[in-house]
Amino acid sequence: MSVSCFRPDVLAGRVAFVTGGSSGINKAIARRYLEHGASVFIVARDQARLDAAIGELAAAVPEGAARVGGYSADVRDLAAVTAAAEAGAARFGRYDMVVAGAAGNFLGAAEKLSSNAFGAVVDIDLKGTFHTFRACHAHLAPRARLIAISAPQAAMPMAFQAPACAAKAGVEMLVKSLAVEWGGLEGVRANAISPGLVAGTYGAEIFCKVAGEQALVAPQPVPRLATLEEVADVAVWLASPLTDYVTGQVIAIDGGLTLASALGGSFAAAAGPALQAAARRP
Ligand code: COA
C-alpha cells in the first residue's frame, strides 16, 4: 500500500458499503478501507466493470476474496439498492461505513436540457444518495459513518452544469439533515467529502478535455489536480475514531478551488504575477 499516516488496522473488522465503487474516487476509497483492515461491498451499475473492480480490489490486499463483495444496481432504483444492501448485510453482517459516491454529470446548456436529462443527474446524484443511506439504514452498526461524495458544484455555481450544481447542493443538505435525524440516540455520523479536480476520474477528464488542465488549476491556491489517494484518505479519517465528534460537515479537499471565485479566480489568473509584484514592492 502507498504511504499512510493511519495505523494499518484502524478499520479492522469494519464493513463498508460503497456505491459507484467500480471506478474513480469510490474505488480508491474502497481500496483504502481494505488496506486499513475493513471489508467492502461495492455497488455499480455495469456488471462487467463491477466484476473487474471486485477482482482488482480482492487481489490488492491479503485475504481479499473474503473481504470484498459487490452487487450490480442502479442507485436511481430504491428497490435495487435495497436488494444490494440486503445482500451485503447477509454476507458481512452490518455496515460501519456507507459511502454514497455514485454520480452522473455532463456538460450541457441549461436551455437545451430535457426534463429527463436534468432528472437523470438529480436522480443519480441526489436521489441515489438518499436511496443508498435509506437502504442501508436497517443494517447500520452502532455509530455508523455515512459519507456522501459531494462536489465544488454544490457551493460554486458552474456554467453548463446546472443539474449537478443543484443535485450536489441537495446532497449536502441531505447529509446535514440525516446527521440531525439519525444522530443523537441512533448515533449515526453523516458527513460529505467535496473533492475538487481529481486525477484519474471521469469528471477531471471531461473538464480537462474542454478547458485544459493548466488553465483549470491555475486559479486554485494549490494549482494541481488531487490524487485519488488524497481524497480516499479523507474517507479513512471520517471512518476513524478521530472523527466521532464530527457530523453534518462538508470536508472540502479541492486545493482551494472553492475559494477561487469566478471574479477572484480569473482576476488572480490574469493579473496574478503583476499584482504580486506590486503588492510586494517595498
Ligand atoms: N447532454 C445533454 N443531454 C444528455 C447528455 C449530454 N451530454 N447525456 C445524457 N443526456 C440526456 C439524454 O439525452 C436523456 O434525455 P432524453 O431522454 O430527453 O433524451 C437523459 O439525459 C438520460 O440519458 P441516458 O443516456 O438515458 O442516461 P443514462 O442513465 O444512461 O446516463 C449519465 C446518464 C448522466 C449517467 C451519463 O451521462 C453517463 O453515463 N455519464 C458518465 C458517468 C458519469 O457521469 N460519472 C460521474 C462523473 S462526475
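Keep in mind that what you see is a predicted model, and the values were worked out from it rather than measured.

Caption draft 1: Molecular detail of the nonpolar core. Counting residues in each nonpolar core, the largest one holds 77 residues, and the members touching the most others are Ala16, Tyr33, Val40, Ile42, Val98 and Ala235. Among residues more than four places away in sequence, those in contact with Ala235 are Ile29, Arg32, Val99, Ile147 and Ile193.

Caption draft 2: Spotlight on the pairing of strand 2 (residues 39–44). Buried residues dominate strand 2, accounting for six of its six residues. Of the two faces of strand 2, the one lined by Ser39, Phe41 and Val43 and the one lined by Val40, Ile42 and Ala44 are each fully buried. Pairing of strand 1 (residues 15–19) with strand 2, which is carried by five bridges, proceeds in the parallel orientation. From the neighbouring strand, Val15 faces strand 2, where its bridge partner is Ser39. Note on the crossover from strand 1 through helix 1 (residues 24–35) to strand 2: the handedness is right-handed. Summarising the sheet, strand 2 and strand 3 (residues 68–72) pair through five bridges and their orientation is parallel. Paired with Phe41 across the two strands is Gly69, which belongs to strand 3.

Caption draft 3: View of the packing of helix 4 (residues 78–92) against helix 5 (residues 115–136). Two elements in contact, helix 4 and helix 5, have axes separated by 9 Å at closest approach and are oriented at 40°. By the angle between their directions, the pair helix 4 and helix 5 is classed as oblique. With respect to the hand of their crossing, helix 4 and helix 5 are arranged in right-handed fashion. Listed contacts from helix 5 to Leu78, Val81, Thr82 and Ala85 of helix 4 are His131, Thr132, Arg134, Ala135 and Cys136. Its residues assigned to classes, the contact of helix 4 with helix 5 comprises five nonpolar, three polar and one charged.

Caption draft 4: Highlighting the site of the ligand. In the vicinity of the ligand, 13 residues are found, and the nearest of them are Gly104, Phe106, Ser114, Asn116 and Ala117. Those elements giving two or more residues to the shell around the ligand turn out to be helix 5 and helix 7 (202–211). Per element, the largest residue contribution to the shell around the ligand is five residues, and it comes from helix 5. Considering only residue class, the shell around the ligand consists of seven nonpolar, six polar and no charged.

Caption draft 5: Quick look at unusual backbone geometry. Positive phi, close to 55°, is recorded for Arg143, a residue that is not glycine. Of note, Arg143 is situated in strand 5 (residues 140–149). Look at Arg143 and you get exposed, because 12 C-beta atoms sit within 10 Å. Despite not being glycine, Phe160 has its phi angle at roughly 65°, a positive value. Mapping Phe160 onto the fold places it in the loop between strand 5 and helix 6 (162–181).

Caption draft 6: Spatial organisation of the packing of helix 1 against helix 2 (residues 47–60). As a packed pair, helix 1 and helix 2 sit with axes 10 Å apart at the nearest point and diverge in direction by 30°. By the angle between their axes, helix 1 is roughly parallel relative to helix 2. In terms of crossing hand, the pair formed by helix 1 and helix 2 is right-handed. On helix 2, the residues that touch Lys27, Ala30, Arg31 and Leu34 of helix 1 are Ala53, Leu57 and Ala60. Looking at the contact of helix 1 with helix 2 residue by residue, the class counts come to five nonpolar, no polar and two charged.

Caption draft 7: Here's a closer look at helix 1. Taking 1.5 Å per residue, twelve residues should reach 16 Å; helix 1 reaches 17 Å between its end C-alpha atoms and fits that length. Counted residue by residue, helix 1 has twelve buried out of twelve residues, so it is predominantly covered. Gly37 lies just past helix 1 and shows a positive phi near 105°.

Caption draft 8: Focus on the environment of Asn191. Here Asn191 is to be found in strand 6 (residues 189–195). Residues Asn191 and Lys112, spaced 79 residues apart in sequence, show a C-alpha to C-alpha distance of 34 Å. Residues contacting Asn191, with those up to four places away along its chain left out, are Ile147, Val175, Leu238, Val246, Thr247, Gly248, Gln249 and Ile251.

The rules behind each value
Residues numbered from 1 in each chain as written. Predicted model: local features only at pLDDT ≥ 70, side-chain atom pairs only at ≥ 80, totals over all residues. Core = buried A, V, L, I, M, F, W, Y, C linked by C-beta atoms within 7 Å. Buried ≥ 20, exposed ≤ 12 C-beta atoms within 10 Å, placed from the backbone. Contact = placed C-beta atoms within 7 Å. Helix = DSSP H or I, 4+ residues; strand = E, 2+ residues; numbered from the N terminus. Pairing = 2+ DSSP bridges. Right-handed = clockwise from strand over helix to strand, strands pointing away. Axes fitted to C-alpha atoms, helices over the stretch in contact; angles between N-to-C directions. Parallel < 35°, antiparallel > 145°, perpendicular 65-115°, else oblique. Left-handed = near helix turned anticlockwise from the far one by under 90°. Nonpolar A, V, L, I, M, F, W, Y, C, P; charged D, E, K, R; others polar. Near = placed C-beta within 6 Å. Expected span 1.5 Å × (residues − 1).

By themselves, these observations are geometric and do not establish any function.
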